[in-house]
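Coordinate analysis (summary)
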Amino acid sequence: MVKKSSSIIKSNSNWLWRWAEPESELSVIPKSKTKRLAQQAKLANVDAERAVSRAYQIELSRTKAIGEAMFKSGKALRFTLSSSGRQLILRTQAARRQFEPGFRNKK
């Protein structure tokens, strides 16, 4: 049995990203070498802008994930500290109840 890919778009390449996008290839090749090089430079700039945009989006999502993790970690720390503080107060009161005769008698 052949294992099918779970991706939506089938890729024949083993690369993570496409290095040459279909738009970056010249559809109409000018006869003049100068025009051809200028057109290739223009398409290469468009590809570079798209690559930078993808990198920016990846870094943005990475930064958001790190920020969310830091927020949740701080929240957990706050709850841990408040729980530990409450436990310390309750244990102190229980000890005082045992050793001090007039401290908050149980009814």
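Read on for an overview of the structure. (Residues numbered from 1 in each chain as written. Predicted model: local features only at pLDDT ≥ 70, side-chain atom pairs only at ≥ 80, totals over all residues. Heavy atoms only, no water.)

1. Overview of the overall build of the protein
The helix and strand inventory of the protein stands at 1 helix and 0 strands. Counting every position in the protein, which comprises 107 residues, the buried fraction comes to 6%. Within the structure as shown, the protein displays about 10,500 Å² of accessible surface, and the carbon and sulfur contribution to it stands at 60%. (Helix = DSSP H or I, 4+ residues; strand = E, 2+ residues; numbered from the N terminus. Buried < 20%, exposed > 50% of the residue type's maximum accessible area, 1.4 Å probe, protein only. Areas by Shrake-Rupley, 256 points an atom, 1.4 Å probe, with all protein chains shown as cover.)

2. Overview of the pattern of salt bridges
A full pass over the atoms with the stated rule returns 3 salt bridges. In this structure, the salt-bridge partner of Glu59 is Arg62, at a minimum N-O distance of 2.9 Å. With Glu59 and Arg62 both in helix H1 (residues 33-99) and 3 residues apart, the pair spans about one turn of that helix. Overall, Arg62 belongs to the partly exposed group, its relative accessible area being 46%. In this structure, Glu68 and Lys72 form a salt bridge, with 3.0 Å as the shortest nitrogen-oxygen distance. Here Glu68 pairs with Lys72, and both are found in helix H1, just 4 residues apart, close to one helical turn. On the accessibility criterion, Glu68 (43% relative accessible area) is partly exposed. (Salt bridge = Lys/Arg side-chain N within 4 Å of Asp/Glu carboxyl O.)

3. Quick look at H1
With 67 residues, H1 ought to run about 99 Å at 1.5 Å a step, and its terminal C-alpha atoms sit 97 Å apart, in line with that. Among all positions of H1, only Leu43, Asp47 and Gln93 are buried. Here H1 starts with a cap whose side-chain oxygen sits 3.4 Å from the backbone nitrogen of Thr34, and that cap is Ser32. (Expected span 1.5 Å × (residues − 1). Polar contact = N/O pair within 3.5 Å; in protein donor to acceptor, adjacent residues only side chain to side chain.)

4. Describing the packing of aromatic side chains
Counting across every chain of the model gives 0 aromatic pairs. The ring of Phe79 carries the charged tip of Arg78 above its face, separated from the ring centre by 4.6 Å. (Phe/Tyr/Trp six-rings, centres within 6.5 Å; stacked < 30°, edge-to-face > 60°. Lys NZ or Arg CZ within 6 Å of the ring centre and 35° of its normal.)

Structural measurements only, silent on function.
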